[in-house]
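# Analysis of the macromolecular model
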Amino acid sequence: MSNYLPVVHIVDAEGVQSEQPKITFQRIYEMFGIKIEPTKTNLNKILNRQINLPFNNLIKKEFYKAFNKNTLKIYNSTWKKINNQSNIIFKKSFRDKYKDSFGNGWIINWNCVDHVNYKTNPQNRGPIGFHKIFDYYSSKIKQLRSIDNVYFHFHPTPLNNAANKSGNHYFSTSNNIFQILCRRIIERDWFPSVYSPGFHIERPDSHWFLEQYFPFDYGNQSYSGRMANGYRFENWEGATKSWSPYHPDYKDYRKKGKCKRWIARRLNIGARLSVLNQKEVNKAFIELKKGKKVILSFTNHDSKNMLPDFEKTYEMLIKASKKFKTKFKYFDARSAFRSAMRLKKRKKLNFKIILKKNFIEIFSSHETFGVQPYLAIKDKEGKFHHENFSIIKPYRKWIYYFDSHSIPLNKIQFFGFASNDDYGNTTIVKINIRKKIVKKRFI
Ligand SMILES: [Zn+2]
């Protein structure tokens, strides 16, 4: 058994957001089925726990757990507010207020979303554009020499393409996910090894997509409490409520099976639903003591005031650590899997590349995580394309043909690809076709 508990804080980084009363009351209707007139008076009544509710005491309790002073009126509605929050949170003195059992300050994993191609934006989400949030947190980390890291978060596009709504299919409503990943490879020399699904939504389409590229998935939100939306969005019913990560089954992402990626459980802090409590924190320590390989992970959003969440979560960690006489340690989201699951260390994943006029041939130095690397092309018109390779030998050798079925080489600006291995080593390759320059980056 490991003698300390790995703790992973993931922030689903989404930038600014505002919430007008109309939207709050719509949310109430969606979650609890009651229509209340969207007025300031009624909102204040809710904040003072004085609104008339046609529920029994148990549901009333659930209602006020979801709608109270802490969960309402706390949005970071301007970029200035986000920046003010970052200025506090990135301070070493702030992180050191919450030291783990080894004297290290708090670590944050910023899983960044891209707000792109919306039709309407009722809650003023933003900034709109590729890489905006990724660039913001990457530069904060770089400037301040922080040990935080950036990873990936994606929102499935809804049928109506409104910025504040969610679909549950990753591809049918847009090709945003391909566009974002292509640009991360070619414009930022970056590719994720860690993923957190938007709204915790996974379905067969996303399950099999994730299985091809990302070794570490913080998706599982199986929870014993009330599911207000009846699995409308996240559906982890029947998935383990243990803090021990698992490999999913190919038929059902919630069951244990023989797929390659790891899924860890992750609950919310400072949120309305699936909230981390002392009992859950204790459970992680108990499981560790029983010899299980565990990661305790939780999440909140930069679009809300995150400050109270640190205090509250830290109290729970300290309390449990004392009670079970066991240490805990903050982790980077990738390193946590490596350490907790005792993954076999691998050398960096390298590629041999042979570029000819009509095709490109690629060989990996050892097995890739998925059967093929993620392919990204930027053409001379500035458009980005994603495609499959021709898989010659799964996990080891691939060809891509430049012909009349795809795109001739002389119409391409950049040809890129990226891959992880089972250890989460990430390699990004970008080829400038005109200059014949191959650039590799190992993360
Ligand atoms: Zn999200």
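Residues numbered from 1 in each chain as written. Predicted model: local features only at pLDDT ≥ 70, side-chain atom pairs only at ≥ 80, totals over all residues.

With six of six residues buried, strand E8 (residues 296-301) is to be regarded as a mostly interior element. Where burial is concerned, the two faces of E8 agree: the one with Leu-296, Phe-298 and Asn-300 and the one with Ser-297, Thr-299 and His-301 are both buried. Of the strand pairs in this sheet, strand E7 (residues 267-268) and E8 are connected by two bridges, and their pairing is parallel. From the neighbouring strand, Leu-267 faces E8, where its bridge partner is Phe-298. A crossover links E7 with its parallel partner E8, the connecting element being helix H9 (residues 278-289), and its sense is right-handed. (Buried ≥ 20, exposed ≤ 12 C-beta atoms within 10 Å, placed from the backbone. Helix = DSSP H or I, 4+ residues; strand = E, 2+ residues; numbered from the N terminus. Pairing = 2+ DSSP bridges. Right-handed = clockwise from strand over helix to strand, strands pointing away.)

Burial of strand E1 (residues 4-13) is extensive: nine of the ten residues sit out of reach of the surface. Looking at chain direction, E1 and strand E9 (residues 327-330) are connected through four bridges and run parallel. In the sheet register, Val-7 faces E9, and the bridge partner there is Tyr-330. As judged from the four bridges shared by E1 and strand E2 (residues 109-112), these two strands associate in the parallel manner.

To continue, consider the sheet that holds strand E11 (residues 359-364). In space, the four strands of this open sheet follow the order E10-E11-E15-E14, with antiparallel pairing throughout. A single partner strand is all that each edge strand has here, and the edge strands are strand E10 (351-355) and strand E14 (390-393). Within this sheet the neighbouring strands show an average axis-to-axis angle of 20°, counted without direction. Pairing of E14 with strand E15 (residues 397-401), which is carried by three bridges, proceeds in the antiparallel orientation. (Axes fitted to C-alpha atoms, helices over the stretch in contact; angles between N-to-C directions.)

Moving on, we get to the sheet that holds strand E12 (residues 374-379). Strand order in this open sheet of five strands is E13-E12-E16-E17-E18, and the pairing throughout is antiparallel. On the outer flanks of this sheet lie strand E13 (384-385) and strand E18 (437-442), each paired with one strand and no other. Summarising the sheet, E12 and E13 pair through two bridges and their orientation is antiparallel. Bridging from a neighbouring strand, Lys-378 pairs with Phe-384 of E13. With respect to the sheet, helix H7 (residues 176-188) is in contact with E12, E13, strand E16 (412-420) and strand E17 (426-432), its orientation differing from that of E12 by roughly 80°. (Contact = placed C-beta atoms within 7 Å.)

Our next topic: the domain arrangement of the protein chain. Partitioning the protein chain into structural domains gives domain 1 (4-16 + 75-340), domain 2 (21-72) and domain 3 (351-442). Taken together, the 20 residues of domain 1 in the interface contact 20 residues of domain 3. Listed by contribution, the elements that provide at least two residues to the side of domain 1 that touches domain 3 are H7, helix H8 (204-213) and helix H11 (333-340). With seven residues, H7 is the largest single contributor of residues to the side of domain 1 that touches domain 3. Broken down by class, the residue content of the side of domain 1 that touches domain 3 amounts to twelve nonpolar, three polar and five charged. (Domains from an automatic or database assignment. Nonpolar A, V, L, I, M, F, W, Y, C, P; charged D, E, K, R; others polar.)

What follows is about unusual backbone geometry. A negative phi angle is the norm for most residues apart from glycine, just as the trans form is the norm for most peptide bonds. Across the junction of Gly-126 and Pro-127, the peptide omega takes the value 0°, indicating a cis bond. Checked against the element boundaries, Pro-127 lands in the loop between E2 and helix H6 (132-143). Notably, His-131 is not glycine yet its phi reads approximately 65°, a positive angle. Tracing the sequence through the fold places His-131 in the loop between E2 and H6. With a phi close to 45°, Arg-342 is a non-glycine residue in the positive phi region. Position of Arg-342 among the secondary structure elements: in the loop between H11 and E10.

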